[in-house]
Amino acid sequence: MSKLNIKFAERMQQLPPYLFGMINKMKMEKRWNGDDVIDLGMGNPIDPAPSQVTEKLIDVANDPKSHRYPVAGGMKNLKREIALYYQRNYDVKLSGTDDVICTIGSKEGISHLCLALLGPGDSVLVPAPAFPIHVYAAVIAGASVIRISLYSEESFLQQIQNICQSLYPRPKLVMLNYPHNPTGVLASKEFFTEVVRLARKYNFMVVNDFAYSRITYDGYVAPSLLEIPGAEEVAVEFGSFSKSYNMAGWRLGYCVGNPQIIEGLSRIKGYYDYGIFSAIQVAGIVAMRDCEDSIGEQVEVYQKRRDVLCEGLERMGWQVDKPKAGMFLWVKIPEPYAQMGSIRFSVEMMSRANVAVAPGAGFGEEGDGYLRLALVENENRIKQALKQMKRSLSDIDDEIEKGVFQLQKEENED
């Protein structure tokens, strides 16, 4: 019998190997072989969701009525709770009807929104380095992506204006992500105000991935894009229960803002899915309504882990900037190890130190030379990871001195 000649769609040629999948595969293979891998690579919370949220999930799941298809765009009461949440935290008034939709996490929502809004001939501006879905959701939809380096707010805004003035047709969408993953870069209200002004002037839409909205430190409060007057005319914002409530695996998120944009998302989701399991939606209501204190408690946990990791890296001679938001450190690989490139460095740490880290190259070429380190392990595990990394780097130093380890990045790595 001849073997079927399977050919992927042309769009697959535009998708590079998913580096985080490669790192996760290595991690799982080592764990299957009995190695204790300390995972600083993936932003996958190990802490539990609030107990009342889990109890509500169990209670509702035991009701056979909850096993039916759910309301596709989200339960009315959950959408209302999201609107109340925005009112409490950002003084933003939402109706909770046509300006709110629930999603299967923000990643799914962004992906389907790009399918609704973008196609061949359209272009999207994306901050770089970038969380992969912010680039490849647009690529899969057939659009072109223009990456804008995150040097400063002023530079970023000037680049948007320059591109809008010189490119025809003008960009259709600007994809934002503040607090930013992976770098931890923050946005001011003044920045958002100028983005909204430019959007209205040059007629482009704005999407802000606000997944790390409540994971903030040292008194910093992340502003919502929708706080800006006029934002609802041009923008939507995605939020997630994953980080604030440790509900990553539950896959519950939402999109709020411009009703026309949300209508596009709603229409395309109608062809792709039937919504989120009802018990998860009801548990989400409990999270937003009753678990405000849990967010603060979790932030304290992350802040302590952040400080332990920063201080440990600094003792190793690394230069570290403490982030004011998010659940990651974005750190430059010090010399001479930076010559390896972030992918090889990450592989060396996995194989030698049993520590998983995310290579900066996974967020685009602008990220090579950096690592993203997640604050998901407890403080003792973080300290142990630092010891193992230090020991492995010392071994590499010895091998360099003996001439058995070459630092140079391999030409075919990319």
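Everything here concerns the structure above.
Residues numbered from 1 in each chain as written. Predicted model: local features only at pLDDT ≥ 70, side-chain atom pairs only at ≥ 80, totals over all residues. Heavy atoms only, no water.

## Some details on unusual backbone geometry
Excluding glycine, most residues fall at negative phi; most peptide bonds, likewise, are trans.
Here is step 1 of the chain: Between Ala128 and the following residue, Pro129, the backbone shows a cis peptide bond with an omega angle of 5 degrees.
Here is step 2 of the chain: By the secondary structure assignment, Pro129 is in the loop between β3 (123-128) and α5 (132-140).
Here is step 3 of the chain: Non-glycine residue Asn246 carries a positive phi angle of around 55 degrees.
Here is step 4 of the chain: Mapped onto the elements of the fold, Asn246 is located in the loop between α8 (241-244) and β8 (253-257).
Here is step 5 of the chain: With a phi angle near 55 degrees, Asn354 is a residue other than glycine that sits in the positive phi range.
Here is step 6 of the chain: Note that Asn354 resides in the loop between α12 (342-353) and β10 (355-356). (Helix = DSSP H or I, 4+ residues; strand = E, 2+ residues; numbered from the N terminus.)

## Comments concerning the pairing of strand β7 (residues 235-240)
Here is step 1 of the chain: With 6 of 6 residues buried, β7 is to be regarded as a mostly interior element.
Here is step 2 of the chain: Across the two faces of β7 the burial is the same, with Ala235, Glu237 and Gly239 and Val236, Phe238 and Ser240 all buried.
Here is step 3 of the chain: Taken together, the 4 bridges between strand β6 (residues 205-209) and β7 define a ladder with parallel strand orientation. Paired with Val206 across the strands is Ala235, a residue of β7.
Here is step 4 of the chain: Examined bridge by bridge, β7 and β8 share 5 bridges and lie antiparallel to one another. Bridge pairing in β8 links Phe238 to Cys255. (Buried < 20%, exposed > 50% of the residue type's maximum accessible area, 1.4 Å probe, protein only. Pairing = 2+ DSSP bridges.)

## Thoughts on helix α4 (residues 105-117)
Here is step 1 of the chain: With 13 residues, α4 extends 19 Å between its outermost C-alpha atoms, agreeing within 8% with the 18 Å of an ideal straight helix rising 1.5 Å per residue.
Here is step 2 of the chain: For α4, the set of buried residues is Gly105, Ser106, Glu108, Gly109, Ile110, His112, Leu113, Cys114 and Leu117. (Expected span 1.5 Å × (residues − 1).)

## What to know about the side chain of Ser66
Here is step 1 of the chain: Following the sequence through the fold, Ser66 ends up in the loop between α2 (51-61) and α3 (76-90).
Here is step 2 of the chain: By relative accessible area, Ser66 is classed as buried at 6%.
Here is step 3 of the chain: One polar contact links the side chain of Ser66 to the main-chain carbonyl oxygen of Val60, over a distance of 2.8 Å.
Here is step 4 of the chain: Of note is the side chain of Ser66, whose polar atom sits 2.7 Å from the backbone oxygen of Asp63. (Polar contact = N/O pair within 3.5 Å; in protein donor to acceptor, adjacent residues only side chain to side chain.)

## Structural notes on a negative patch on the surface
Here is step 1 of the chain: A grouping of Asp395, Asp397, Asp398 and Glu401 is seen on the molecular surface, where their side chains present a negatively charged patch.
Here is step 2 of the chain: Mapped onto the fold, Asp395 is located in helix α13 (residues 379-402).
Here is step 3 of the chain: For Asp395, a relative accessible area of 36% puts it in the partly exposed group. (Patch = residues over 30% accessible without salt bridge, like charges linked within 9 Å, V, L, I, M, F, W, Y side chains within 5 Å. Areas by Shrake-Rupley, 256 points an atom, 1.4 Å probe, with all protein chains shown as cover. Salt bridge = Lys/Arg side-chain N within 4 Å of Asp/Glu carboxyl O. Lys, Arg positive; Asp, Glu negative; His and termini not counted. Charge placed at Lys NZ, Arg CZ, Asp CG, Glu CD.)

## Some words on empty space enclosed by the protein
Here is step 1 of the chain: One pass over the structure, following the stated rule, counts 2 cavities of 30 Å³ or more.
Here is step 2 of the chain: By volume, the largest cavity amounts to about 40 Å³.
Here is step 3 of the chain: Considering the residues around the largest cavity, the lining is formed by His180, Asn181, Pro182, Gly184, Tyr212, Ala325, Gly326, Met327 and Phe328.
Here is step 4 of the chain: Here the lining of the largest cavity is composed, by residue class, of 5 nonpolar, 4 polar and no charged.
Here is step 5 of the chain: Together, Tyr178, Pro179, Leu186, Ala187, Phe192, Phe210, Tyr220, Ala222 and Pro223 line the second largest cavity.
Here is step 6 of the chain: In terms of residue class, the lining of the second largest cavity is made up of 9 nonpolar, no polar and no charged. (1 Å grid on protein atoms, 1.4 Å probe; cavity = no way out; pocket = protein on both sides within 12 Å on 5 of 7 lines; lining within 4 Å. Points joined across faces, edges and corners; volume = space filled by probe spheres on them. Nonpolar A, V, L, I, M, F, W, Y, C, P; charged D, E, K, R; others polar.)

## Concerning the pattern of salt bridges
Here is step 1 of the chain: Under the defined criterion, the tally for this structure stands at 20 salt bridges.
Here is step 2 of the chain: When the shortest N-O distance is used, the salt bridge between Arg305 and Asp47 registers 3.0 Å. You can see Arg305 sitting in helix α11 (residues 292-315) and its partner Asp47 sitting in the loop between β1 (38-39) and α2, a full 258 residues away along the chain. Each member of the pair, Arg305 as well as Asp47, is classed as buried.
Here is step 3 of the chain: For Lys322, the salt bridge identified is with Asp307, shortest N-O distance 3.2 Å. With Lys322 in the loop between α11 and β9 (328-332) and Asp307 in helix α11, the pair connects residues that are 15 residues apart, well separated along the chain.
Here is step 4 of the chain: Its relative accessible area of 39% is what places Lys322 among the partly exposed residues.
Here is step 5 of the chain: Each of the salt bridges in this network shares a partner with another, and the network as a whole consists of Asp218, Arg306, Asp307 and Lys322.

## What to know about the sheet that holds strand β4 (residues 144-149)
Here is step 1 of the chain: An order of β2-β8-β7-β6-β5-β3-β4 is seen for the 7 strands of this open sheet, with the pairing classed as mixed. Every other strand in the sheet has two partners, leaving β2 (100-103) and β4 as the edge strands with one partner each. Averaged over all pairs of adjacent strands, the angle between strand axes in this sheet comes to 20 degrees, irrespective of strand direction.
Here is step 2 of the chain: Contacts from α5 reach β3, β4, β5 (173-176) and β6 within the one sheet, and its direction differs from that of β4 by about 160 degrees. (Axes fitted to C-alpha atoms, helices over the stretch in contact; angles between N-to-C directions. Contact = heavy atoms within 4.5 Å.)

## Some thoughts on the environment of Ala187
Here is step 1 of the chain: With respect to the helices and strands, Ala187 occurs in the loop between β5 and α7 (189-202).
Here is step 2 of the chain: Distance from Ala187 to Ser152, taken between C-alpha atoms, is 9.8 Å for residues 35 residues apart in sequence.
Here is step 3 of the chain: Those residues in contact with Ala187 that sit more than four places away from it in its chain are Glu153, Tyr178, Phe192, Tyr220 and Pro223.

## Observations regarding the sheet that holds strand β11 (residues 358-359)
Here is step 1 of the chain: Taken in spatial order, the 3 strands of this open sheet run β9-β12-β11, and their pairing is antiparallel. Of all strands in the sheet, those bounded by a partner on one side alone are β9 and β11.
Here is step 2 of the chain: One ladder, built from 5 bridges, connects β9 with strand β12 (residues 370-374); its direction is antiparallel. When the sheet's bridge partners are listed, Phe328 is paired in β12 with Ala374.
Here is step 3 of the chain: Seen against the sheet, α11 touches β9 and β12 and runs at an angle of roughly 15 degrees to β9.

By themselves, these are just geometric observations and shouldn't be taken as functional.
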